[in-house]
Amino acid sequence: MINRGVLLAKGVFSTIILTLIFVLSLVSCDSNKTSTLEYQWSIPQGFPKPQLPANNQMSDEKVTLGKRLFYDKNLSFNQQQSCESCHQQTFAFAEAKVTSVGTSGESHRRNAPALVNIAYNKTLTWAHDGLTSLEQQILIPMFGESPIELGITSYDAEVLARFKTAEYLPLFRAAFPDQEVSFDLIVKALASFVRSLISLNAPFDRYAYQGDDNAISPSALRGMNLFFSEKLECHHCHGGFNFTQSTSHEKQLIDRRPFHNTGLYNIQIENKSIGYPETDVGLAEISTLARDNGRFRAPTLRNVEVTAPYMHDGSISTLPEVLDFYAAGGRKISEGSYQGDGRENPLKSAFIKGFEMSAQDKNDLINFLKTLTDEEFLSNPAFSQSIE
Ligand code: HEC
Ligand code: HEC
C-alpha cells in the first residue's frame, strides 16, 4: 500500500527542487558586502554562537528586512497569511492551534513549533534528518503545495512584484546592496530574522548561568533535580543549554541527529500493530525504514509553558497531561481509529519507561518548566511587528 505520508513528502520536495532551480536562476551575484558592522548576537556571555551558512552571514539590515517580511501578508498568494499567522510571539512563535491551517484553508497535519533558538537547531521540522538549513526549510511554507501554507507556487511573479515597492526597495538595498529583489534574498532575510530569535534569559538562566540563587523557587529547584534525574530521564533527550539534544553550534560540531519514538501511538488493526498513524509516521517517512516509525525530534523546552498544545500533532493539550504521559511510559488509546497501547510500542525509546510521580513531584516539575519562560523574549519589541 502506498503511504500517504510519503506522497505528501514527495510533493513538498519535488516542489522544493523546482523552486531551488528557479531561485538559483535568479541569483545573479552573491556578494556579501552587506554590512560594515559586525552583527551583535543577543547571547549572554558564556553561550556558544550559532553556526551560519557561508553565503548568509547575519546583519542588522537583513534582520530588519526579514522581520518586515515575516509579518507581511503579501507573502501569501491571496494576502491572507504571513509567517506570523502560524508563529506568534506571545506563544514563543508557535500558535495555540492543534495543527496549522494554511492561507487557503488547507489543514496541515502538524503542530506549528515554537521558533526559539532555531539558529542552534541541528535539523529542522519535527522529523527530518536531512533538512539542516533554514534557507532550505523556509521554502516549504512559502512554496509547498501539500499542504498549501503561503501558496506562492504559480503566483511567484505576482507575489515578488509586491516587494518591489518604495517601502521595500530601500530595505532590500540596505540588506543586499546591488542585488535585484528576488525570492533568494527574501529567504535569506527571513532566515536572518528567524536566527535572531534568541531566548536565553529565563529565570532558569539567571539561576544556572548568572549565579542568582533566588531566581527560581524551592519547588522549581526540586523539579529541576527530578528533570535531570536518572529516574525521569528527561535530560537525555531534552538536555544541554537549549533543552534539546538536537543542537549544534561553533563548539559542538559532531553530527548528532537524534529522533525518538515516545510511545504516543501503537495502533492495532485486527491484532496487527500498525504503529503511528499513516498520515504521520515521523522519520520513517524520510528514511523509509520501518524502524524509524514514530520517531520525532525532541523539541526545545524553552518557553514550553506558552506553546500548548504539545507534540508533533498537538495531541496533548496541557503540560500536566504531558507529564502524566511520561509517567505512564506512553499513551494508551482505548477507542477510535487510533486505538492501541503506545506503552507497548516495540519501537519506543528505552528512556521512556514510566515512573512514579507524586502530586508534589508533578507540581515541582511544572514549576521547573515554567522557569524556562523568558518574558523578555515574549515581549521583546525587536521581534514584534513594527508600528508605523
Ligand atoms: C500555515 C501555518 C504556517 C505558516 C504560514 C508558516 N509556518 Fe512555519 N511551520 C508550520 C508548521 C506546521 C511547521 C512544522 C512542519 C513540520 O514539522 O513538518 C513549521 C515549521 C517551521 C520551522 C522549523 C522549526 C523547527 O523547530 O524546526 C521554521 C523555521 C518555520 N516554520 C518558519 C516559518 C517562516 C519563516 C514562515 C514564513 C515564510 C513560516 N514558517 C510560515 C506552520 C506554518
Ligand atoms: C527518549 C527521548 C525523550 C525523553 C526521555 C523525554 N522526551 Fe520529551 N519529547 C521527546 C520527543 C521526541 C518529543 C516530541 C514527540 C512527538 O511529537 O511525537 C518530546 C516532546 C516533549 C514535550 C512537548 C514539547 C512541545 O513543544 O510540543 C514536552 C513538554 C516534553 N517532551 C517534556 C519532557 C519531560 C518533562 C521529560 C521527562 C519526564 C521528557 N520530555 C522526556 C523526547 C523525549
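Look up a bit, the structure's there.
Let me begin by describing the structure that accompanies this report. (Residues numbered from 1 in each chain as written. Chains lettered and ligands numbered in written order. Predicted model: local features only at pLDDT ≥ 70, side-chain atom pairs only at ≥ 80, totals over all residues. Heavy atoms only, no water.)

Focus on the overall build of the protein chain
When helices and strands are tallied, the protein chain shows 14 helices and 6 strands. Taken across its 388 residues, the protein chain has 54% of its residues classed as buried. For the protein chain, the proportion of contacts with a sequence separation of at least 24, taken over those separated by at least 6, is 69%. In the form shown here, the protein chain has an accessible surface area of approximately 17,700 Å², with 54% of it arising from carbon and sulfur atoms. (Helix = DSSP H or I, 4+ residues; strand = E, 2+ residues; numbered from the N terminus. Buried < 20%, exposed > 50% of the residue type's maximum accessible area, 1.4 Å probe, protein only. Contact = heavy atoms within 4.5 Å. Areas by Shrake-Rupley, 256 points an atom, 1.4 Å probe, with all protein chains shown as cover.)

Points about the nonpolar core
General note: in soluble globular proteins, nonpolar side chains tend to be found buried as a group. Residues Met-142 and Ile-186 are the most contacted members of the largest nonpolar core, which totals 55 residues. Put simply, the parts of the chain that give this core at least two residues each are helix 2 (60–70), helix 4 (139–143), helix 5 (156–161), helix 6 (169–175), helix 7 (183–195) and helix 14 (375–379). Not counting chain neighbours up to four residues away, the residues in contact with Ile-186 comprise Leu-69, Leu-75, Met-142, Leu-160, Phe-163 and Phe-172. Core analysis: the second largest hydrophobic core is formed by 33 residues, Phe-204, Met-224, Leu-319 and Ala-327 among them. (Core = buried A, V, L, I, M, F, W, Y, C linked by side-chain atoms within 4.5 Å.)

Describing the coordination of the iron atom of ligand 2
At 1.9 to 2.0 Å from the iron atom of ligand 2 lie its protein donor atoms, namely His-238 (NE2) and Tyr-326 (OH). Of the residues examined, His-238 reaches a relative accessible area of 9% and is grouped as buried. (Donors = N, O, S within 2.8 Å, 3.2 Å for Na, K, Ca; no water.)

Observations regarding the environment of Ser-349
The topology assignment puts Ser-349 in the loop between strand 6 (340–341) and helix 13 (359–370). Along the primary structure Ser-349 and His-260 are separated by 89 residues, whereas in three dimensions their C-alpha atoms are 6.1 Å apart. When near neighbours in sequence (up to four residues on either side) are disregarded, Ser-349 contacts His-260 and Asn-261. A polar atom in the side chain of Ser-349 sits 3.0 Å from the backbone nitrogen of Phe-351. (Polar contact = N/O pair within 3.5 Å; in protein donor to acceptor, adjacent residues only side chain to side chain.)

Comments concerning the site of ligand 2
Near ligand 2, the surroundings consist of 26 residues, among which Cys-234, Cys-237, His-238, His-312 and Tyr-326 are the closest. In the environment of ligand 2, an oxygen atom lies 2.7 Å from a nitrogen or oxygen atom belonging to the backbone of His-312. A distance of 2.6 Å is found between a nitrogen atom of ligand 2 and a side-chain nitrogen or oxygen belonging to Tyr-326. Along the lines of polarity and charge, the residues of the shell around ligand 2 split into 19 nonpolar, 5 polar and 2 charged. (Near = heavy atom within 4 Å. Nonpolar A, V, L, I, M, F, W, Y, C, P; charged D, E, K, R; others polar.)

As for the site of ligand 1
Taken together, 29 residues form the shell around ligand 1, and within it Cys-83, Cys-86, His-87, Thr-125 and Arg-297 come nearest. Here a nitrogen atom of ligand 1 sits 2.9 Å away from a polar atom, N or O, in the side chain of His-87. Residues that form the shell around ligand 1 fall into these classes: 16 nonpolar, 10 polar and 3 charged.

Here we look at the packing of aromatic side chains
Evaluation of the coordinates by the stated rule reveals 26 aromatic pairs. Ring plane angle 70° and centroid distance 4.8 Å describe the contact between Phe-47 and Tyr-209, whose orientation is recorded as edge-to-face. A residue pair is termed long-range when its members are at least 10 positions apart, and Phe-47 in the loop between helix 1 (4–26) and helix 2 and Tyr-209 in the loop between helix 8 (203–208) and helix 9 (218–227) qualify at 162 residues. Given a relative accessible area of 42%, Tyr-209 falls into the partly exposed group. By way of ring pairs, the aromatic residues Phe-47, Tyr-120, Phe-204, Tyr-209, Phe-227, Phe-228, Phe-241, Phe-243 and Phe-368 are connected into one cluster. In this structure, Arg-331 packs its charged tip against the face of Tyr-265, placed 4.7 Å from the ring centre. (Phe/Tyr/Trp six-rings, centres within 6.5 Å; stacked < 30°, edge-to-face > 60°. Lys NZ or Arg CZ within 6 Å of the ring centre and 35° of its normal.)

Concerning the side chain of Thr-244
Inspection of the secondary structure puts Thr-244 in the loop between helix 10 (234–237) and strand 1 (259–260). Here Ser-246 takes part through its backbone nitrogen, which lies 3.0 Å from a polar atom of the side chain of Thr-244. In this view, Thr-244 contacts Cys-237, His-238, Gly-239, Ala-298, Pro-299 and Thr-300; residues no more than four positions away in its chain are not counted.

Things to note about the environment of Glu-376
Topologically, Glu-376 is positioned in helix 14. With 174 residues separating them in the primary sequence, Glu-376 and Ala-202 have C-alpha atoms 8.1 Å apart.

Considering the packing of helix 9 against helix 13
Running from N to C, helix 9 and helix 13 point in directions that differ by 95°, and their axes come no closer than 7 Å. Relative to helix 13, helix 9 is oriented roughly perpendicular. Contact residues: Ser-219, Ala-220, Arg-222, Gly-223, Met-224, Leu-226 and Phe-227 in helix 9; Gln-360, Asp-361, Asn-363, Asp-364, Leu-365, Asn-367, Phe-368 and Leu-369 in helix 13. For the contact of helix 9 with helix 13, the class distribution of residues is 7 nonpolar, 5 polar and 3 charged. (Axes fitted to C-alpha atoms, helices over the stretch in contact; angles between N-to-C directions. Parallel < 35°, antiparallel > 145°, perpendicular 65-115°, else oblique.)

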